[in-house]
Amino acid sequence: MTQRTLVLLKPDAVRRGLTGEIISRIERKAGWQITALELRTLDQDTLEQHYGEHKGKPFYEPLVEFMASGPVVALIVEGERVIEGVRQLAGPTDPIAAAPGSIRGDFGVIVRENLIHASDSEESAEREVKIFFPGRA
Ligand code: UDP
């Protein structure tokens, strides 16, 4: 089941110099390919589209502010079961609950600054690829 997923390495990952480490974990999974990669600072409009489902929640405004606080690395990753697979590499949203060995479990503490976003379903992946890489839709 070949899929594609949209991954963001969040501003904390870029600031802390962890993008190489995280990309390396993704690259080492057999058969997965990075098919797009870009460093960019996200504007409000892009963030509103991306995190629209969370609008109105107490964490939304600080999340958007954090996500605009510095550049992110946006990637498309393609491969066998890559949607579930990158979510497994990332670990659960709360880094303290995330197992050691996962990206969030190894490097994160704060829920908001949890290093990585990865699409959670095929529908989300297609929607998010369109937001970040409209030419690849
Ligand atoms: N988030 C937060 N506080 C919360 C829940 C989520 O700051 O109580 C942030 C966190 O950065 C998370 C993002 O909002 O990654 C999106 O939340 P979601 O529930 O979609 O988690 P994810 O799919 O990223 O694990």
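Here is what the cut-offs are and how they apply
Residues numbered from 1 in each chain as written. Predicted model: local features only at pLDDT ≥ 70, side-chain atom pairs only at ≥ 80, totals over all residues. Heavy atoms only, no water. UniProt positions renumbered as here; feature names shortened; annotations may be inferred. 1 Å grid on protein atoms, 1.4 Å probe; cavity = no way out; pocket = protein on both sides within 12 Å on 5 of 7 lines; lining within 4 Å. Helix = DSSP H or I, 4+ residues; strand = E, 2+ residues; numbered from the N terminus. Buried < 20%, exposed > 50% of the residue type's maximum accessible area, 1.4 Å probe, protein only. Contact = heavy atoms within 4.5 Å. Polar contact = N/O pair within 3.5 Å; in protein donor to acceptor, adjacent residues only side chain to side chain. Pairing = 2+ DSSP bridges.

Student: Let's hear about the UniProt feature "binding site: ATP" (unreviewed entry) in the chain: which residues, and what values?
Tutor: In the numbering adopted here, UniProt assigns the feature "binding site: ATP" (unreviewed entry) to Lys10, Phe59, Arg87, Thr93, Arg104 and Asn114. Of the residues named above, Lys10, Phe59, Arg87, Thr93, Arg104 and Asn114 line the largest pocket. By the secondary structure assignment, phenylalanine 59 is in the loop between α3 (44-51) and α4 (60-67). Given a relative accessible area of 40%, phenylalanine 59 falls into the partly exposed group. Considering the arrangement of structural elements, one finds asparagine 114 in the loop between α6 (103-107) and β4 (116-118). Here asparagine 114 is in contact with Lys10, Asp12, Thr93, Pro95 and Arg104, once residues within four sequence places are set aside. Among the polar contacts made by the side chain of asparagine 114, one reaches the main-chain carbonyl oxygen of valine 111 at a distance of 3.2 Å.

Student: Provide a residue-level description of the pairing of strand β3 (residues 72-80), including the pertinent values.
Tutor: For β3, a buried count of seven out of nine residues is recorded, marking the element as mostly surrounded by other parts of the structure. Judged from the eight bridges that link them, strand β1 (residues 2-9) and β3 form a sheet pairing that is antiparallel. Looking across to β3, one finds that threonine 2 is bridged to glutamate 80. Relative to β3, strand β2 (residues 33-40) runs antiparallel, the two being bridged by seven bridges. Counterpart to leucine 39 in the pairing with β3 is valine 73.

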